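Next come the chains, spelled out residue by residue.
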Amino acid sequence: MENRIQIDQIDPKSFKGLLTLEQHLNDCGMNKTHVELIKMRASQVNGCAFCLDMHSKDAIENGESAQRLFVLNGWRETNFFSEEEQIILMVTEEVTLIHNGGLSTETYNKALSILGEKYLAQVIMSVVAINAWNRIAISTHKPITE
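Residues numbered from 1 in each chain as written. Predicted model: local features only at pLDDT ≥ 70, side-chain atom pairs only at ≥ 80, totals over all residues. Heavy atoms only, no water.

(A) Fine view of the overall build of the protein chain. When its secondary structure is counted, the protein chain shows 8 helices and 0 strands. N-terminal to C-terminal, the α/β element order of the protein chain is α-α-α-α-α-α-α-α. Taken over the C-alpha trace, the protein chain has a radius of gyration of 15 Å; the compact-globule value for 146 residues is 15 Å, and the two agree within 12%. Taken along the three principal axes of its C-alpha coordinates, the protein chain extends 45 × 30 × 30 Å. The buried share among the 146 residues of the protein chain stands at 38%. Long-range contacts, defined here as pairs at least 24 residues apart, represent 68% of the contacts in the protein chain between residues at least 6 apart. A total of about 8,400 Å² of accessible surface is found on the protein chain, and carbon and sulfur atoms cover 54% of it. Charged side chains in the protein chain number 13 positive and 19 negative. The centres of these two groups are separated by 5 Å. (Helix = DSSP H or I, 4+ residues; strand = E, 2+ residues; numbered from the N terminus. Rg over C-alpha atoms; globule rule 2.2 N^0.38 Å. Buried < 20%, exposed > 50% of the residue type's maximum accessible area, 1.4 Å probe, protein only. Contact = heavy atoms within 4.5 Å. Areas by Shrake-Rupley, 256 points an atom, 1.4 Å probe, with all protein chains shown as cover. Lys, Arg positive; Asp, Glu negative; His and termini not counted. Charge placed at Lys NZ, Arg CZ, Asp CG, Glu CD.)

(B) Quick peek at empty space enclosed by the protein. According to the stated counting rule, one finds 1 cavity of 30 Å³ or more in the structure shown. When its volume is computed, the largest cavity comes out at roughly 30 Å³. Around the largest cavity sit Glu22, Leu25, Asn26, Met30, Val35, Lys39 and Ser126, which together line it. For the lining of the largest cavity, the secondary-structure elements that each account for two or more residues are helix H2 (12-27) and helix H3 (32-46). (1 Å grid on protein atoms, 1.4 Å probe; cavity = no way out; pocket = protein on both sides within 12 Å on 5 of 7 lines; lining within 4 Å. Points joined across faces, edges and corners; volume = space filled by probe spheres on them.)

(C) Here's a closer look at the pattern of salt bridges. With the rule as written, the count across this model stands at 8 salt bridges. Residue Asp8 pairs with Lys142 through a salt bridge whose shortest N-O separation is 3.6 Å. Here Asp8, found in helix H1 (residues 7-10), pairs with Lys142, found in the segment after helix H8 (117-139); they are 134 residues apart in sequence, far enough to count as distant. By relative accessible area, which is 22% here, Lys142 ends up partly exposed. Between Glu85 and Arg68 there is a salt bridge; the shortest N-O distance is 2.9 Å. Of this pair, Glu85 sits in helix H6 (residues 83-96) while Arg68 sits in helix H5 (residues 66-70), placing them 17 residues apart in sequence. The exposure class assigned to Glu85 is buried, which follows from its relative accessible area of 10%. Here the residues in one salt-bridge network are Arg41, Arg76 and Glu93, joined through shared partners. (Salt bridge = Lys/Arg side-chain N within 4 Å of Asp/Glu carboxyl O.)

(D) Here's a closer look at the layout of surface pockets. Put simply, the largest pocket is a space of about 230 Å³. Taken together, 15 residues line the largest pocket, and the ones lying closest to its centre are Phe15, Phe50, Met54, His55 and Trp133. The residue inventory of the lining of the largest pocket, partitioned by class, reads 9 nonpolar, 3 polar and 3 charged. (Nonpolar A, V, L, I, M, F, W, Y, C, P; charged D, E, K, R; others polar.)

Pasting the structure below:
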């Protein structure tokens, strides 16, 4: 893979702006399992190896099971995920795949009824943040370190 610019080094002020959002989302009271499911699922959809590597480790460190991570790409075909987690995964996919029409009215209304306004807002912002990180990592070929 070719070497490309690393935005955190070239333009740290821009990078810090996204880090500020990330810090707020880490501190806003969201369930850590939900946060890692969002990060993992969006990163799977986007094909971001850097973020998948990082967040699979974070998820396991936060108590997520390897089995759930292994089947996350096929979450609809399992009974491993709660109703709340399923709607979060739906929101994650629909926001990530915005070119397919974005967050549908059906999913939005179901998410609103299950999560409430504030938590849904936090979920959407978490999806937005990881999609931004995915785009940075993929565009710059962010190297995975062992």
